[in-house]
Amino acid sequence: MNLHDFKHKQKIQIRYKDIDKQGHVNNANHITYFETARVEYFKDVFTQQIDWIKTGMILARTEINYMEPIFLEDTAFCYTKITSFGTKSFEITNVITKLKNDKEVLCAEGKSVIVCFNYEINSTVEIPQHWKDAVNKFEA
């Protein structure tokens, strides 16, 4: 995974509650880091405010590969990129790094499938075209 392929980078706030008995960030927190970075990505990429009821989202799938532990005092980042679009769903790739000897090292990488969902009609909906356009412009 080449970090230069990512245009969105979010610093992660590691909280004391994220740490497990072994002294590192518990693996379940990585999904929260992905989610936090994903929301910041949406804020930065989409110029129109999202109506979370009419054009909401459901996390349909997540997979994570863990490479390096993260500790409380680490400086960590989450990179985010929408890597593909379907009709009603899209895939997001996230990479978590930390600074180690003044270099970023890969701690985890993951992919998530997000499905667009209208909560008023309780049904999946197509991805708004202006979302696709905004992502393509941002990632170009």
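Look above for the structure.
The paragraphs below set out a description of the structure included in this document. Residue positions within a chain follow its written sequence, with the count starting from 1. Only residues with pLDDT of 70 or above have their local features reported here, since the model is predicted, and side-chain atom pairs are shown and tallied only from 80 upward, although totals for entire chains, interfaces and linings are computed over all residues. Each side-chain value is derived from all of the structure's non-hydrogen atoms; neither hydrogens nor water enter the calculation.

## Quick notes on the environment of Lys-98
Part 1 of the argument: Here a helix means four or more residues in a row that DSSP labels H or I, a strand means two or more in a row labelled E, and each is numbered from the N terminus. Summarising the element assignment, Lys-98 is placed in strand 4 (residues 89–100).
Part 2 of the argument: Buried means the residue's accessible area, taken with a 1.4 Å probe over protein chains only, is under 20% of the maximum for its type, while exposed means over 50%, and partly exposed covers the values in between. Lys-98 sits in the buried class, given a relative accessible area of 4%.
Part 3 of the argument: Taking the C-alpha atoms as reference, Lys-98 lies 26 Å from Val-135; in sequence the two are 37 residues apart.
Part 4 of the argument: What Lys-98 contacts, discounting residues up to four positions off in sequence, is Glu-68, Pro-69, Ile-70, Phe-71, Asp-74, Thr-75, Ala-76, Lys-103, Glu-104, Val-105 and Cys-107.
Part 5 of the argument: Engagement of the side chain of Lys-98 in a polar contact is seen with the side chain of Asp-74, the distance being 3.3 Å. We call two residues in contact when some of their heavy atoms are within 4.5 Å. Polar contacts, as used here, are pairs of N or O atoms within 3.5 Å; protein pairs need one atom able to donate a hydrogen and one able to accept it. Residues neighboring in sequence count only if both atoms are side-chain atoms.

## Overview of the nonpolar core
Part 1 of the argument: Phe-42, Phe-46, Met-57, Ile-82, Phe-90 and Trp-131 are the most contacted members of the largest nonpolar core, which has 16 residues in total.
Part 2 of the argument: In contact with Phe-42, other than residues within four places in its own chain, are Ile-50, Trp-52, Met-57, Ile-82, Phe-90 and Ile-92.
Part 3 of the argument: Definition of nonpolar core: a set of buried residues of the types Ala, Val, Leu, Ile, Met, Phe, Trp, Tyr and Cys, connected through side-chain atoms within 4.5 Å. In terms of nonpolar packing, the next biggest core, distinct from the first, is built from 13 residues, Ile-12, Tyr-33, Ala-76 and Ile-96 among them.

## Observations concerning the packing of aromatic side chains
How two aromatic rings sit relative to each other is set out by the distance from centre to centre and by the angle between their planes.
Part 1 of the argument: Stacked, tilted and edge-to-face are the three classes assigned to paired rings of Phe, Tyr and Trp, where Trp is represented by its six-membered ring and a pair needs centres within 6.5 Å; plane angles under 30 degrees give stacked, over 60 edge-to-face, the rest tilted. For the coordinates displayed, the defined rule picks out 9 aromatic pairs.
Part 2 of the argument: Between the aromatic rings of Tyr-41 and Phe-138, the centroid separation amounts to 5.6 Å while the plane-to-plane angle is 80 degrees, which identifies the pairing as edge-to-face. Residue Tyr-41 is found in helix 1 (residues 29–45), and its partner Phe-138 is found in helix 2 (residues 129–139); the two are separated by 97 residues along the sequence.
Part 3 of the argument: What makes Tyr-41 buried here is its relative accessible area of 0%.
Part 4 of the argument: The class of Phe-138 is partly exposed, set by a relative accessible area of 24%.
Part 5 of the argument: Look at Phe-42 and Phe-90: their rings are 6.3 Å apart centre to centre, the planes differ by 75 degrees, and that puts the pair in the edge-to-face class. One end of the pair, Phe-42, is in helix 1; the other, Phe-90, is in strand 4, with 48 residues separating them in the sequence.

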